[in-house]
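Now for the letters of each chain:
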Amino acid sequence: MIIFGILAVLLLAFVFFIILSSRPLDKATAITKINELVSSQVGKQTVTQAIVYIDSPRLSVSETFAYGKLNGSSIQVDQPFHVASVGKAFTATLIGILIDENKMTLTDRICSYLSNEVLDGLFVYQGTDYQDEVTVGQLLNHTSGIADYFADKTEGSPAIQELMINNPDTFWSPKQLVAFSQKFQTSVGSPGEKFHYSDTGYILLGMIIEHVSDLSFDTMLREKIFLPLHMNDSYLMFYSEPVNGLRPIADVHLAGANVKDYQSVSIDWAGGGIISTANDLATFIRALNNFEIISQKTLNNLYHFDHQYRSGIHYGYGFMEYQFGEFFPTLKSLPPFIGHMGILGTQMFYSKGTDMVYISSFGSDVFAAGSVRTFIKVLSILNRIK
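First, a word on what this report is: a plain description of the structure on this page.

**Brief notes about the pattern of salt bridges**
Part 1 of the reasoning: Under the criterion given, the structure shown has 9 salt bridges.
Part 2 of the reasoning: Where Arg286 meets Asp55, a salt bridge forms, and the shortest distance between an N and an O atom there is 2.8 Å. Of this pair, Arg286 sits in helix H11 (residues 278–289) while Asp55 sits in strand S1 (residues 49–56), and the two are 231 residues apart along the sequence.
Part 3 of the reasoning: Between Lys224 and Glu101 there is a salt bridge, with the nearest N and O atoms lying 3.0 Å from each other.

Structural data, given as structure tokens:
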């Protein structure tokens, strides 16, 4: 995952302070301001479409804002889009389901589920092979020591993003993704030593889910989450279709190209290969936090945010928590939000304290930091409603 431009957020702190301390707004004016804010993002950098969903029962605000064009027509509020690493929350949820079914635990050693062939070389650090010590929980919270095929340096091969752009017709299987780290990358530490974000680890989690459930990863998503929650526009790209049928997805700008129709986008899978809509993601994050998918006990265990991704962003077991006050003191009035973000400016977050859901998609890797700034600006406007 490309590192967030947190400094850009801090540079805007004075502006946010002015916003937070300015006069109250009525609801209609606040919605107008958010509408103007979202529409103004289209055309910035490589953003061709912008979707923002807000649901706040306490403020009586439930709105979806959608701007931009797709195939010559205006983008719709129910436009399917690539969720990127927001999909990691779904992978973690499937692990939670299997835990509730007493089929596994966070402390299980992954060597119990995966063969030596799959694990060979992935966890060798300073001459010691730690594959027999790595746990499911360490893969979930990115402390296993495994490299990240998506963003880490390679030896003997171009970076996988370069391969994806230059070979758009190449389909990457999960085994090939793991093999990429085996052949061209090295471990970054021993298990439990440090936090290191890794898509490779989440590919292994997808394989573990398949082994424990005896079902394919896409079938687990469909039968355990999408169908029960009537998420009829959601599916795993390349592996299944949604109940409502396939529709064109929003643009996916990555590494300077619009890759939405590339077969090589298959580099995601269990690390974030889901296509969904704002409404479907909102349905999921609400159901999850109402304990409709996994038990409260299991969810609380996944919500142990013991590691810091960046200042203001804490990481648990497949979920992130934003603590906006850590970005800058003037943002302390904004409540914490739990969920996950993605490299394409995708955000899926829920605030227990305010019962608010926020979803966004901007379809651009260079707008990752911009999506955080937009999130903060939207919350700042909502904070002024009286």
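**Points about the packing of helix H4 (residues 87–100) against helix H9 (residues 199–213)**
Part 1 of the reasoning: Closest axis-to-axis distance for the H4/H9 pair is 10 Å, and the angle between their directions is 35°. Seen from above, H4 lies across H9 with left-handed handedness. The segment H4 lies against H9, with Lys88, Thr91, Leu94, Ile95 and Leu98 engaging Asp199, Tyr202, Leu205, Ile209, Val212 and Ser213.
Part 2 of the reasoning: Considered class by class, the residues forming the contact of H4 with H9 number 7 nonpolar, 2 polar and 2 charged.

**Regarding the nonpolar core**
Part 1 of the reasoning: Of all hydrophobic cores here, the largest spans 131 residues; its most connected members are Phe90, Phe123, Leu140, Leu204, Ile225 and Phe324.
Part 2 of the reasoning: Other than its neighbours up to four places away in sequence, Phe90 contacts Leu221, Ile225, Phe226, Met231, Ile274, Leu281, Phe284 and Met348.

**Considering the pairing of strand S14 (residues 337–342)**
Part 1 of the reasoning: Among the 6 residues of S14, 6 are classified as buried, and the element is accordingly described as predominantly covered.
Part 2 of the reasoning: What you see with S14 is no split at all: Phe337, Gly339 and Met341 on one side and Ile338, His340 and Gly342 on the other are buried throughout.
Part 3 of the reasoning: Relative to S14, strand S13 (residues 320–322) runs antiparallel, the two sharing 3 bridges. Across the sheet, Tyr322 pairs through a bridge with Phe337, a residue of S14.
Part 4 of the reasoning: With 5 bridges connecting them, S14 and strand S15 (residues 346–351) associate as antiparallel partners. Of the residues in S15, the one forming a bridge with His340 is Met348.
Part 5 of the reasoning: Linking S14 back to S15 in an antiparallel pair, the connection comprises 3 residues, with Gly345 at a positive phi of about 75°.

**Side note on the packing of aromatic side chains**
Part 1 of the reasoning: Applying the stated rule across the entire model yields 23 aromatic pairs.
Part 2 of the reasoning: Taking 5.5 Å as the distance between ring centres and 85° as the angle between the ring planes, the aromatic pair formed by Phe324 and Phe375 counts as edge-to-face. Pair noted here: Phe324 is in the loop between S13 and S14 and Phe375 is in helix H13 (residues 368–382), with a separation of 51 residues, a long-range link. For the residue pair Phe324 and Phe375, the accessibility class agrees, reading buried in each case.
Part 3 of the reasoning: Pairwise contacts between aromatic rings join Tyr322, Phe324, Phe327, Phe337, Phe349, Tyr358 and Phe375 into one cluster.
Part 4 of the reasoning: In this structure, Lys88 is placed above the aromatic ring of Tyr202, and the distance from its NZ or CZ to the ring centre is 5.6 Å.
Part 5 of the reasoning: Sitting over the ring of Tyr309, Arg310 keeps its end group 5.2 Å from the ring centre.

**With respect to the sheet that holds strand S11 (residues 307–310)**
Hydrogen bonds between backbone groups are what pair the strands of a sheet, and the pairing can be parallel or antiparallel.
Part 1 of the reasoning: Read from one edge of the open sheet, 9 strands run S3-S2-S1-S16-S15-S14-S13-S12-S11, paired in antiparallel fashion. What marks the edges here is a single partner per strand, and that holds for strand S3 (73–74) and S11.
Part 2 of the reasoning: Bridge count between S11 and strand S12 (residues 313–315): 3 bridges; the pairing is antiparallel. Its bridge partner being in S12, Gln308 is matched across the sheet by His314.

Scoring rules and cut-offs
- Residues numbered from 1 in each chain as written.
- Predicted model: local features only at pLDDT ≥ 70, side-chain atom pairs only at ≥ 80, totals over all residues.
- Heavy atoms only, no water.
- Salt bridge = Lys/Arg side-chain N within 4 Å of Asp/Glu carboxyl O.
- Helix = DSSP H or I, 4+ residues; strand = E, 2+ residues; numbered from the N terminus.
- Axes fitted to C-alpha atoms, helices over the stretch in contact; angles between N-to-C directions.
- Left-handed = near helix turned anticlockwise from the far one by under 90°.
- Contact = heavy atoms within 4.5 Å.
- Nonpolar A, V, L, I, M, F, W, Y, C, P; charged D, E, K, R; others polar.
- Core = buried A, V, L, I, M, F, W, Y, C linked by side-chain atoms within 4.5 Å.
- Buried < 20%, exposed > 50% of the residue type's maximum accessible area, 1.4 Å probe, protein only.
- Pairing = 2+ DSSP bridges.
- Phe/Tyr/Trp six-rings, centres within 6.5 Å; stacked < 30°, edge-to-face > 60°.
- Lys NZ or Arg CZ within 6 Å of the ring centre and 35° of its normal.

So, to be careful, I would describe these as geometric facts and stop short of saying anything about function.
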